[in-house]
Amino acid sequence: MRDYIYYILALFIAFPFVVTFLAYGITKLRKKHTWKAVHNAVQWSAIFFILGVGVLLQLLFDRSFFGWIILLFLVSLTGILIHQYRKQADIEVSKAVKIVWRSAFLLFACAYLILSIIYIILAIFS
């Protein structure tokens with residue numbers, strides 16, 4: 001049983017778009033609201049895009065980049081909190097985390113596509 005869970009997780013990391021479409025479809029069926037379904041799909045699939053990019057970078061460069069990814073998140077969160085501090089009287093950490101998480105989805109989805117294409121091209125020519 002544990003092996004099936006590992007296989008499903010590996011499938012979701014290898015193909016994070018599957019998670020995006022599944023989360024969107026399930027939320028759309030349950031709540032009937034398109035934007036809530038989109039936001040839910042982004043929130044749930046972002047972690048799989050991040051893990052997928054980390055795995056692809058490790059396959060391409062034979063090193064782990066997860067430390068750099070965490071550093072990227074911390075620097076982004078710090079920048080948004082500083083921006084909030086300068087523009088507003090109070091800081092909303094939950095809003096800043098939500099902004100970082102949604103922008104991470106966009107960044108890592110694009111990075112996943114680019115790295116996947118590079119990995120496929122390198123596999124064909126080697």
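In this text, all values refer to a predicted model and were calculated from it rather than measured experimentally.

Counting its regular elements, the protein contains 5 helices and 0 strands. Taken over the C-alpha atoms alone, the protein extends approximately 55 × 40 × 30 Å along its principal axes. Counting the 126 residues in the protein, one finds 26% classified as buried. Summarising the internal contacts of the protein: among those between residues at least 6 apart in sequence, 60% fall at separations of at least 24. For the protein, the accessible area works out to roughly 9,200 Å², and carbon and sulfur atoms hold 73% of it.

Now for helix H4 (residues 66-87). Here H4 is 22 residues long and its end C-alpha atoms lie 32 Å apart, about the 32 Å a rise of 1.5 Å per residue gives. When H4 is considered as a whole, its buried residues turn out to be Ile 69, Phe 73, Ile 80 and Gln 84. Down the axis of H4, the buried set is contained in an arc of 50°. They therefore lie on one face. Residues of H4 that are exposed and point more than 90 degrees away from the buried face comprise Gly 67, Trp 68, Val 75, Tyr 85 and Arg 86. Against helix H3 (34-61) and helix H5 (93-125) lie the buried residues of H4.

Once that is clear, we can look at the nonpolar core. Ranked by internal contacts, the top residues of the largest apolar core, which has 19 residues, are Phe 49, Val 53, Phe 73 and Phe 108. Discounting chain neighbours no more than four positions away, the residues touching Phe 49 are Pro 16, Phe 17, Thr 20, Phe 105, Phe 108, Ala 109 and Tyr 112.

Right, let's talk about H3 for a bit. Counted at 1.5 Å a residue, the expected span for H3 with its 28 residues is 40 Å, and the 39 Å between its end C-alpha atoms agrees. At Ser 45, H3 is bent by approximately 35°, the largest bend along its length. A positive backbone phi angle near 55° is found at Asp 62, which sits one or two residues after H3.

Parameters at a glance
- Residues numbered from 1 in each chain as written.
- Predicted model: local features only at pLDDT ≥ 70, side-chain atom pairs only at ≥ 80, totals over all residues.
- Heavy atoms only, no water.
- Helix = DSSP H or I, 4+ residues; strand = E, 2+ residues; numbered from the N terminus.
- Buried < 20%, exposed > 50% of the residue type's maximum accessible area, 1.4 Å probe, protein only.
- Contact = heavy atoms within 4.5 Å.
- Areas by Shrake-Rupley, 256 points an atom, 1.4 Å probe, with all protein chains shown as cover.
- Expected span 1.5 Å × (residues − 1).
- Arc of directions from axis to C-beta.
- Core = buried A, V, L, I, M, F, W, Y, C linked by side-chain atoms within 4.5 Å.
- Bend = angle between axes of the 7 residues up to and from the residue.

The quantities given are spatial measurements derived from coordinates; they are silent on function.
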